[in-house]
Amino acid sequence: MTGLSHIKEITLFLICYVVYLLTKNLLFDQSTALQNARLIIDIERSLGILIEPSLQGWLLVTSPFLLTICNWLYIITYWPVIFGISLVLYLRDRKSYYYCRNIILINLCMALIFFVLIPVAPPFRSLPNMMDSIQILGPTFYGGPEMSFIYNTTAALPSLHFSWTLIFGIFFFQRVKGFFRGVTVIYPVLTLYIILVTGNHFLLDATLGSGLVAASFYVEIYLRSFKNRLKQTAPNRESHDW
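We now turn to the structure provided with this report.

## Describing the overall build of the protein
Here comes step 1: Tallying secondary structure elements over the protein gives eleven helices and zero strands in all.
Here comes step 2: For the protein, the succession of helices and strands along the chain, N to C, is α-α-α-α-α-α-α-α-α-α-α.
Here comes step 3: Computed over C-alpha atoms, the radius of gyration of the protein comes to 19 Å, within 12% of the 18 Å expected from 2.2 N^0.38 for 242 residues, which places it in the range of a compact globule.
Here comes step 4: Oriented by its inertia axes, the alpha-carbon framework of the protein measures out at about 65 × 45 × 35 Å.
Here comes step 5: Here the protein, with 242 residues, has 44% of them falling under the buried criterion.
Here comes step 6: For the protein, the share of sequence-separated contacts (at least 6 apart) that also reach a separation of at least 24 residues comes to 84%.
Here comes step 7: Taking the average location of the 17 positive side-chain charges in the protein and that of its 12 negative ones, the two points are 12 Å from each other.

Shown next as structure tokens:
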């Protein structure tokens with residue numbers, strides 16, 4: 001491991017983050033995102049899967065405290081876990097790190113297309129009977145107006161929150177056994193419930209996210225196979241992780 005490789009990885013993720021921010025209102029404004037959200041609502045209602053309001057409403061009546069826990073889990077189980085796992089893999093299993101990193105980057109590239117062409121507002125902004133549970137019950141420091149400049153507020157479709165947890169769930173499901181295999185299943189399932197009950201995503205956001213995860217794995221396999229064919233045709237060429 002060299003300092004240059006560390007800088008390369010940090011630079012790569014900074015570039016991805018900047019590109020992600022540039023997708024915000026690139027072609028359409030907030031009103032388009034609300035219109036698209038209403039379209040998703042109509043689709044889910046026609047399919048009988050508009051479950052987000054009932055999930056949040058039931059938990060709010062049953063136990064606001066549990067909903068507050070879900071708010072915290074929404075934060076903790078995403079960036080802290082994603083960064084934590086990535087750092088451990090980077091330090092201890094560089095091959096696995098590159099594998100997961102590549103799949104996540106492929107997934108992000110696909111998602112960015114949707115963020116630009118089909119911006120979608122989250123349920124709590126487009127459904128009158130849903131609330132932003134994080135801002136109402138806490139922790140209010142997360143996702144407030146003062147934070148809107150560091151993330152895309154219309155990037156609900158697809159759900160990267162669910163996609164990336166699903167990617168890690170699939171990755172570790174193939175590599176662990178026993179109790180830990182159960183954890184790899186619970187992790188994305190719990191994430192799905194959390195993003196719905198907090199009003200941050202529609203079920204269709206997660207569904208599309210799942211489809212893009214499958215596509216990302218297949219694209220990674222194809223690119224790896226293509227890279228191996230190049231190595232065979234040019235055996236003396238120095239190999240680099242892409």
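Having seen the model, we can carry on.
## Topic: the pattern of salt bridges
Here comes step 1: Under the definition given, this model contains three salt bridges.
Here comes step 2: The salt bridge partner of Arg-45 is Asp-42, with a shortest N-O separation of 3.6 Å. In this pair, Arg-45 and Asp-42 both sit in helix H2 (residues 30-47), three residues apart, roughly one turn of the helix.
Here comes step 3: Look at Asp-42 and you get partly exposed, because its relative accessible area is 44%.
Here comes step 4: Taking the shortest distance from any N to any O, the salt bridge between Glu-220 and Arg-224 comes out at 2.8 Å. Of this pair, Glu-220 and Arg-224 both sit in helix H11 (residues 203-233), four residues apart, which is roughly one turn of that helix.

## Comments concerning the nonpolar core
Here comes step 1: Counting 38 residues, the largest nonpolar core has Tyr-74, Phe-115, Leu-160, Trp-164 and Ile-167 as the members making the most contacts within it.
Here comes step 2: Of all the secondary-structure elements, those providing two or more residues to this core are helix H1 (3-22), helix H4 (64-76), helix H5 (79-92), helix H6 (94-117), helix H9 (160-173), helix H10 (179-197) and H11.
Here comes step 3: Looking at this core element by element, the count peaks at eleven residues for H6.
Here comes step 4: In this view, Ile-167 contacts Ile-103, Ile-104, Asn-107, Val-213 and Phe-217; residues no more than four positions away in its chain are not counted.

## Regarding helix H3 (residues 52-62)
Here comes step 1: Turning to H3, its buried residues are Glu-52, Pro-53, Gln-56 and Leu-59. For H3, the angular spread of buried residues about the axis comes to 145°, placing them on one side. What points out from H3, more than 90 degrees from its buried face, is the exposed set Trp-58 and Val-61.
Here comes step 2: The inward-facing, buried residues of H3 contact H2, H4, helix H8 (133-137), H10 and H11.

## So, the packing of H3 against H10
Here comes step 1: At a minimum axis separation of 8 Å, H3 and H10 run at an interaxial angle of 90°. In this view, H3 runs roughly perpendicular relative to H10, as classed from their interaxial angle. Every residue of H10 that contacts H3 at Glu-52, Leu-55, Gln-56 and Leu-59 is listed here: Tyr-193, Leu-196 and Val-197.
Here comes step 2: Taken together, the residues that form the contact of H3 with H10 break down as five nonpolar, one polar and one charged.

## Some words on the packing of aromatic side chains
Here comes step 1: The full count for this structure, using the stated rule, is 15 aromatic pairs.
Here comes step 2: Relative to Phe-83, the ring of Trp-79 has its centre 5.2 Å away and its plane inclined at 20°; by these criteria the two rings are stacked. Of this pair, Trp-79 and Phe-83 both sit in helix H5, four residues apart, roughly one helical turn.
Here comes step 3: In textbook terms, an aromatic cluster arises when at least three aromatic residues are bridged by ring pairs, as seen for Tyr-99, Phe-168, Phe-171, Phe-172 and Phe-217.
Here comes step 4: The aromatic ring of Tyr-90 is capped on one face by Arg-94, whose charged end is 3.8 Å from the ring centroid.
Here comes step 5: Between the NZ or CZ atom of Arg-181 and the centre of the ring of Phe-173, over which it lies, the distance is 4.3 Å.

Calculation rules
Residues numbered from 1 in each chain as written. Predicted model: local features only at pLDDT ≥ 70, side-chain atom pairs only at ≥ 80, totals over all residues. Heavy atoms only, no water. Helix = DSSP H or I, 4+ residues; strand = E, 2+ residues; numbered from the N terminus. Rg over C-alpha atoms; globule rule 2.2 N^0.38 Å. Buried < 20%, exposed > 50% of the residue type's maximum accessible area, 1.4 Å probe, protein only. Contact = heavy atoms within 4.5 Å. Lys, Arg positive; Asp, Glu negative; His and termini not counted. Charge placed at Lys NZ, Arg CZ, Asp CG, Glu CD. Salt bridge = Lys/Arg side-chain N within 4 Å of Asp/Glu carboxyl O. Core = buried A, V, L, I, M, F, W, Y, C linked by side-chain atoms within 4.5 Å. Arc of directions from axis to C-beta. Axes fitted to C-alpha atoms, helices over the stretch in contact; angles between N-to-C directions. Parallel < 35°, antiparallel > 145°, perpendicular 65-115°, else oblique. Nonpolar A, V, L, I, M, F, W, Y, C, P; charged D, E, K, R; others polar. Phe/Tyr/Trp six-rings, centres within 6.5 Å; stacked < 30°, edge-to-face > 60°. Lys NZ or Arg CZ within 6 Å of the ring centre and 35° of its normal.

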